[in-house]
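Chain residues, written in single-letter form:
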Amino acid sequence: MASEDLCAISADWLKSLEAALSTGDATSFVNHFLSDGWFRDLLCFSWNFRTLSGPEKIRGFLSEVVDGKSRLEYSGLCDFKLDDHTVNAPSPFKLPGPQGIKGVQGAFTFNMTKPAALGRGFFRLMQDVDGKWKALTLLTNMQDLVGSEESSADQHGLYEGRKITWEEDVDAKFRAIEADPTVLIVGGGQSGLMCAARLGRLGIRVLVIEKNARVGDSWRKRYPNLTLHTPAYQSSMLYSRYPTTFPKYIPKGKLANFLESYAVDQELCIWLSSSTASTPVYDSTSARWTVEVQHGDRKVVLNPKHLVLATGSGSPRIPTWNGMDEFQGALYHSDFHKDAEQFRGKRVVVVGAGNASGDICQDFVAHGATEVTMVQRSATCVISSSALEQTHFKLPFPDDTPIEELDFRMHSMPLAFLLQLQISGGTQHMKMLDKELHEALRKVGFNLTWELSPGSGEVGLEGFLFSRIGSGTMLDIGCGKLIVEGRIKVKQGQDISHFEKDGITFKDGSKLSADVIVLATGNEPIMKNTRALLGNEITEQLPPKVLGLDSEGELNQTYRPSGHPGLWFAAGPFGNSRFFSKHLGLQILARELGIA
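The structure reproduced in this document is the subject of the present report. Residue numbers here run from 1 along each chain, matching the order of that chain's written sequence. In view of the model being predicted, local features appear only for residues whose pLDDT reaches at least 70, and side-chain atom pairs are presented and counted only at 80 or more, with totals across whole chains, interfaces and linings using the full set of residues. Heavy atoms from the whole structure form the basis of all side-chain values; hydrogens and water molecules are not counted.

Here's the deal with the packing of aromatic side chains
Formally: Side-chain rings of Phe, Tyr and Trp (the six-membered ring for Trp) are treated as a pair once their centres are within 6.5 Å; stacked means planes under 30 degrees apart, edge-to-face means over 60, and tilted covers the remaining angles. Here a helix means four or more residues in a row that DSSP labels H or I, a strand means two or more in a row labelled E, and each is numbered from the N terminus. Whether a charge lies above a ring is judged from NZ of Lys or CZ of Arg, which has to be within 6 Å of the ring centre and within 35 degrees of the ring normal.
Counting across every chain of the model gives 22 aromatic pairs. An angle of 40° between the planes, with centres 6.5 Å apart, marks the rings of tryptophan 219 and phenylalanine 574 as tilted. Residue tryptophan 219 is located in helix H7 (residues 217-220), and its partner phenylalanine 574 is located in helix H17 (residues 574-593); the two are separated by 355 residues in the primary sequence. In this structure an aromatic cluster arises from ring pairing among Trp13, Phe80, Phe108, Phe110 and Phe123. Taking NZ or CZ as reference, arginine 222 lies 5.3 Å from the ring centre of tryptophan 219, over its face. A cation over a ring is seen here: lysine 431 above tryptophan 450, with NZ or CZ 4.6 Å from the ring centre.

Describing the sheet that holds strand E24 (residues 496-500)
The condition is simple: Strands qualify as paired when DSSP identifies two bridges or more between them. To obtain each axis, a line is fitted to C-alpha atoms, and for helices this fit is confined to the stretch in contact; angles are then taken between N-to-C directions over 0 to 180 degrees.
Reading across the sheet, the three strands line up as E24-E25-E26 and stay open at both edges, with antiparallel pairing between neighbours. In this open sheet, the two edge strands, each paired with only one partner strand, are E24 and strand E26 (511-513). Neighbour to neighbour, the strand axes of the sheet diverge by 20° on average, direction disregarded. Here E24 runs beside strand E25 (residues 503-506); their pairing, made up of four bridges, is antiparallel. Bridge pairing in E25 links glutamate 500 to glycine 503.

Structural notes on the side chain of asparagine 556
Rule in force here: Accessibility here uses a 1.4 Å probe with only protein chains present; expressed as a share of the type maximum, an area under 20% marks a residue as buried, one over 50% as exposed, and anything in between as partly exposed.
On the secondary structure map, asparagine 556 appears in the loop between helix H16 (526-539) and strand E28 (567-569). Overall, asparagine 556 belongs to the buried group, its relative accessible area being 14%.

Re the sheet that holds strand E18 (residues 330-333)
In plain terms, the rule: Here a residue-residue contact requires only that any non-hydrogen atoms of the pair lie within 4.5 Å.
What the five strands build is an open sheet, ordered E18-E27-E19-E20-E23; its pairing is parallel. Edge positions in the sheet fall to E18 and strand E23 (489-492), since each has one partner strand and no second. With strand direction ignored, the average angle separating the axes of adjacent strands in the sheet is 20°. Bridging between strand E19 (residues 347-351) and strand E20 (residues 371-376) involves five bridges; their strand directions are parallel. Within the sheet, the bridge partner assigned to valine 350 lies in E20 and is methionine 374. The strands touched by helix H9 (residues 355-366) are E18, E19, E20 and strand E27 (516-519); relative to E20, the strand with the most contacts, the crossing angle is about 170°.

Things to note about helix H1 (residues 3-23)
Think of an α-helix as 3.6 residues a turn; residues three or four steps apart then line up on the same face. As a reminder of what qualifies: To estimate how far a helix should reach, multiply one less than its number of residues by 1.5 Å. Each direction from the helix axis to a C-beta atom contributes to the arc, which is the arc of those directions.
Between the first and last C-alpha of H1 there are 31 Å, a value that for 21 residues agrees with the 30 Å anticipated at 1.5 Å per step. All buried positions along H1 are accounted for by Leu6, Ile9, Ser10, Trp13, Leu14, Leu17, Ala20 and Leu21. Buried residues of H1 fall within an arc of 120° about the axis and therefore sit on the same side. Exposed side of H1, more than 90 degrees from the buried face: Glu4, Asp12, Lys15, Ser22 and Thr23 are the residues found there.

Digging into the nonpolar core
Which entries qualify depends on this criterion: Residues belong to a common nonpolar core when they are buried Ala, Val, Leu, Ile, Met, Phe, Trp, Tyr or Cys residues joined through side-chain atoms within 4.5 Å.
Ranked by size, the top nonpolar core spans 118 residues in total, and within it Phe29, Ile185 and Phe364 carry the most contacts. Of all the elements, H17 adds the most residues to this core, at eight residues. With residues near it in sequence (within four places) discarded, isoleucine 185 still touches Gly192, Cys195, Ala196, Leu199, Val206, Leu207, Val208, Ile209, Val308 and Ala310. Of all hydrophobic cores here, the second largest spans 43 residues; its members include Ile177, Val293, Leu542 and Ala571.

Some details on helix H11 (residues 403-411)
With seven of nine residues buried, H11 is to be regarded as a mostly interior element. For H11, the set of buried residues is Ile403, Glu405, Leu406, Asp407, Phe408, Arg409 and His411.

What about the state of the cysteines?
Rules: In this description, a disulfide is simply a cysteine sulfur pair whose atoms lie within 2.5 Å.
As enumerated under the stated definition, the model contains zero disulfides in all. There is no disulfide at cysteine 361, and the cysteine sulfur nearest it, in cysteine 479, is 5.6 Å away. What makes cysteine 361 buried here is its relative accessible area of 0%.

What about the pattern of salt bridges?
Just so we agree on the cut-off: Salt bridges are defined by distance alone: a side-chain nitrogen of Lys or Arg within 4 Å of a carboxyl oxygen of Asp or Glu.
Taken as a whole and assessed by the stated rule, the structure comprises 28 salt bridges. Residue glutamate 552 is joined to arginine 50 by a salt bridge in which the shortest nitrogen-to-oxygen separation is 2.7 Å. Note that glutamate 552 is positioned in the loop between H16 and E28 and arginine 50 in strand E2 (residues 49-53), a separation of 502 residues in sequence. Between arginine 220 and aspartate 217 there is a salt bridge, and its shortest N-O distance comes to 2.6 Å. Of this pair, arginine 220 and aspartate 217 both sit in helix H7, three residues apart, roughly one helical turn. Among the charged side chains, a network of salt bridges with common partners joins Asp144, Glu150, Arg198 and Lys582.

Spelled out as structure tokens, the structure:
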């Protein structure tokens, strides 16, 4: 289809949609969707993230009354303009699956009246049975609050009338933040840093406290052969791409050093070697927290209005089995794996069969362990890096395209709809790309799955990422080959009975002798850390999970209202922090402006 036709189809549909909005008629608006269409709204029609599927649910949401008007009429979306000058201009699309879902996609901009804001949307159009173009998916997304737009101006450098140096300016800014932070972020990993950078650009005073002595230590201290399992482009930090000299898959030490420099470059106010010293208390009258912080060798009391928990994955999950205290070899959780070389010539058992297990087994093989055995207690979703390159990491844009354009297109897709696509054929396509690897793994007794539970549908990698934060997956970068070759043995299908002084005994009576046992058994839920930090009273007011999908298909609690005033969670992969840090900032800013 010619580009002129794509633009004409998009412009006609968009003009008609705007006309429907101008009437405030939810039924007319919904008629622009397919009968199985999806609508995702990020802060335009409510101060939350919503995903609705089907005419009735979409109409019901937009018909809800706010200050005497329907949501559709109240928000006042208007001035729709086709975004025809970016890489997200109208273009053809085809979605995975046997149905051959294809049509026209593109971005557009709009204005809002309540609140006064700028927005951007994204549509995917298909023809219905009558040949009319209608929305398969539609995203409406708040971009900026009018009058409080995100700043990109360089405040330093050469300019007339300069009276202070850059160092003096930054020092003054830090002193103002430390005296009265509007936002306190707990955790200085990539999520905390990106949120701090974003909030700073929105003019919000934000202080980060980080328990480690250096920014980046949350990566620097992890196991030696760890690298990112996603390419550098997709793992970019907000406002700052990695140097072109960086490898495609960044080693953890190189990433740690980059995060340290990022904190300096973005002028982030961070207290290192700092953590909460007591349970934070929230005063609903003043709408402020009282947070006692152990900052080095002194205690400081802060009163921020907002508390953002960016503490990363939960603490190590360490199962208990009888006899663990009697084991005479080395026994530790994978989070504490540091040096495989010291176990050269030893027998190693790694309990678990996910990403950490695969990396650590490879590390032991590379450093000459006599025998390495992986204990697979349940089936694993295995995807090779080459398959991911073809299905997930192959960019739809030129290499020099801003990552924000990719983020916008990716997050325009409703997550629940994406899982439907995976079940209906997307996962099957990925499996075919790894057919030889999967067949070889099965032959040596490695159990595979693409379902979260038997019979629930093959959601594949996306399902495990959205619902289990990736637990139960292995993004294969070489471990699979070692398993097939027999250099990593697999003990599968038997639960552990107990430990003995020289190994593990299973419930079927079989035994594995070991000098070293590593528990690659994952991490506790984020809410367990939250309870330890905030105590029972506040935690009981929150939904039971952080991350994982809610009933509509949005991620629980992250970058959106948590269920407690002034409390926010920042978690998930790099792309989530890059994109949703803006939404977190807009919600906090709106509260500070008194419009939310």
